[in-house]
Amino acid sequence: MIPFFEKEFVTERGWITSDEMLNYVAISQSTPGIIAVNMATFIGYRRAGFWGAFFSTLAVITPSIIIITIIAAFISNFSEYVYVQKALSGINIAVAVFLVSAVFNISKKSIVDMIGLGLAFIAFLAVTVFDINSIWLILFSLAVGIAVKGGKKIK
Amino acid sequence: MNIFFICLYFFLTGLFAIGGGLAAIPIMEQFFVNKGVILPGLFYNMIAVSESTPGPIGVNMATYIGFENFGVLGGIVATLALTLPSFIIILMIARSYSAIQNNRLVKSGLYGIRAAVCGLIASAAASVLSATIFTFDKFLEYPSILTLFDFRQLLVFCVIFALYKIFKKHPIWYVLFGAICGIVFL
């Protein structure tokens, strides 16, 4: 979605500069929430204040609400058919592929040292084996990150 | 689960999903699948639909889970609840974002969170693998390499994985391919 934002708001409309765009991407990735929603709120706010943010945020989630509602209604009406069930179980294998390769791709960027690897491993075990809520692990890793790197300069 | 809790859980998901939509998946899985609100198979179907349609995956998931439990209105309020923390936080920081971006505490905290999120996504990957290609029930009864995997599912997994790595196309093509494999092969 980010390349789309760039084309629409930087290249075609000139609403924001490409430097601002890079800043918004960095901020949106490091604040809670869905990145595209954060970007929409940000761009809306910079262009038109509170109501700009409000309507951009609503606008960016509206297509999802419409499209997913239609598909969800369709699937729940057809899910008792054998062939649909077979197709859905094949689809779940594709989902396994997406998630496994996401783990590899994201870990290349996100795990930079042994402490990071340790945190990832603890999070994995805590959720998979002990079913500890991920929220606690996010707070824990936030604290560890600050304890380990908070006093030093990070590039 | 009543609609108030659905909203509360999506609000918390929006507040703690740091690093995008994929980070939201393990959190949603714990809130809704582990509590028995959504069956695991349906949850993975939802991921497939959310990956293959336009729009951010986390937002798509929220609409789907909300719709599944409370119809059209459920989809709308779940999505709004997920979005609300983002909206509030961005409004708060939009004036002084450069100060936050270079803040040492923010950077060091993110260093920890990003690493942990990898582990969380790995746990979501492990649960979908154990629901598809692994057959742990059989394995516990007769422990052997032959009972550990469902070999047809494993084969489909390897083929889709190879295609995904080689062609790097939009997820919808692999979802369609998976559906065809499911119909003719599983």
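Please read all numbers here as calculations on a predicted model, not as lab measurements. (Residues numbered from 1 in each chain as written. Chains lettered and ligands numbered in written order. Predicted model: local features only at pLDDT ≥ 70, side-chain atom pairs only at ≥ 80, totals over all residues.)

**Description of the overall build of chain A**
Move 1: A tally of regular secondary structure across chain A gives 6 helices and 0 strands.
Move 2: N-terminal to C-terminal, the α/β element order of chain A is α-α-α-α-α-α.
Move 3: The C-alpha radius of gyration of chain A comes to 20 Å, more than 25% above the 15 Å expected for a compact globule of 155 residues.
Move 4: Looking at the 155 residues of chain A, the share that counts as buried comes to 41%.
Move 5: Counted over contacts in chain A with a minimum sequence separation of 6, partners at least 24 positions apart contribute 18%. (Helix = DSSP H or I, 4+ residues; strand = E, 2+ residues; numbered from the N terminus. Rg over C-alpha atoms; globule rule 2.2 N^0.38 Å. Buried ≥ 20, exposed ≤ 12 C-beta atoms within 10 Å, placed from the backbone. Contact = placed C-beta atoms within 7 Å.)

**Quick look at the overall build of chain B**
Move 1: Along chain B, the regular secondary structure elements total 10 helices and 0 strands.
Move 2: Listed by position from the N terminus, the elements making up chain B come as α-α-α-α-α-α-α-α-α-α.
Move 3: C-alpha atoms of chain B, sized along the principal axes, occupy 60 × 40 × 35 Å.
Move 4: A fraction of 52% describes how many contacts in chain B between residues 6 or more apart in sequence connect residues 24 or more apart.

**As for the packing of helix H2 (residues 18–30) of chain A against helix H3 (residues 35–78) of chain A**
The description of two packed helices rests on the angle between their axes and on the distance between the axes.
Residues and elements named next belong to chain A.
Move 1: Two numbers describe how H2 lies on H3: the axes approach to 9 Å, and their chain directions differ by 130 degrees. In terms of axis orientation, H2 runs oblique to H3. Pair H2 / H3 crosses with right-handed handedness. Contacts between H2 and H3 involve Tyr24, Val25, Ile27, Ser28 and Gln29 on the former and, on the latter, Ile35, Asn38, Met39, Phe42 and Ile43.
Move 2: Residue classes in the contact of H2 with H3 are distributed as 7 nonpolar, 3 polar and no charged. (Axes fitted to C-alpha atoms, helices over the stretch in contact; angles between N-to-C directions. Parallel < 35°, antiparallel > 145°, perpendicular 65-115°, else oblique. Left-handed = near helix turned anticlockwise from the far one by under 90°. Nonpolar A, V, L, I, M, F, W, Y, C, P; charged D, E, K, R; others polar.)

**A word on unusual backbone geometry**
Move 1: Of note, the phi angle at aspartate 131 of chain A is positive, near 50 degrees, even though the residue is not glycine.
Move 2: Assignment of secondary structure puts aspartate 131 of chain A in the loop between helix H5 (114–128) and helix H6 (134–149).
Move 3: Although it is not a glycine, lysine 168 of chain B adopts a positive phi angle of roughly 50 degrees.
Move 4: Position of lysine 168 of chain B relative to the elements: it lies in the loop between helix H9 (151–167) and helix H10 (171–185).
Move 5: Lysine 168 of chain B gets classed as exposed once you count the C-beta atoms within 10 Å, which come to 8.

**Brief notes about the nonpolar core**
Move 1: Counting 100 residues, the largest nonpolar core has Ala94 and Val95 of chain A together with Ala116 and Ile121 of chain B as its most contacted members.
Move 2: Both domains that meet at this core, namely domain 1 (1–78) and domain 2 (111–155) of chain A, each give it at least three residues.
Move 3: What valine 95 of chain A contacts, discounting residues up to four positions off in sequence, is Tyr44, Ile47, Ala48 and Val128 of chain B. (Core = buried A, V, L, I, M, F, W, Y, C linked by C-beta atoms within 7 Å. Domains from an automatic or database assignment.)

**Some words on the domain arrangement of chain A**
Move 1: Domain boundaries assigned for chain A yield domain 1 (1–78) and domain 2 (111–155).
Move 2: Each of domain 1 of chain A and domain 2 of chain A was reduced to a C-alpha centroid, and the two centroids are 29 Å apart.

**Some remarks on the interface of chain B and chain A**
Move 1: Between chain B and chain A, the contact holds 92 residues from the first and 76 residues from the second.
Move 2: The set of elements that each furnish at least two residues to the side of chain B that touches chain A consists of helix H1 (3–16), helix H2 (21–33), helix H3 (40–52), helix H4 (57–93), helix H5 (97–101), helix H6 (104–131), H9 and H10 of chain B.
Move 3: Take the side of chain B that touches chain A: its biggest share by element is 26 residues, from H6 of chain B.

**Focus on the environment of glutamine 30 of chain B**
Move 1: Relative to the elements of secondary structure, glutamine 30 of chain B occurs in helix H2.
Move 2: Between the C-alpha atom of glutamine 30 of chain B and that of alanine 124 of chain B, which follows or precedes it by 94 residues, the distance is 9.3 Å.
Move 3: Setting aside residues no more than four positions away along its own chain, glutamine 30 of chain B makes contact with Asn133 and Ser134 of chain A.

**What to know about helix H1 (residues 2–12) of chain A**
Move 1: Burial analysis of H1 of chain A places just 1 of its 11 residues in the buried class, which makes it a mostly uncovered element.
Move 2: Positive backbone phi, approximately 65 degrees, marks glycine 14 of chain A, located one or two places after H1 of chain A.

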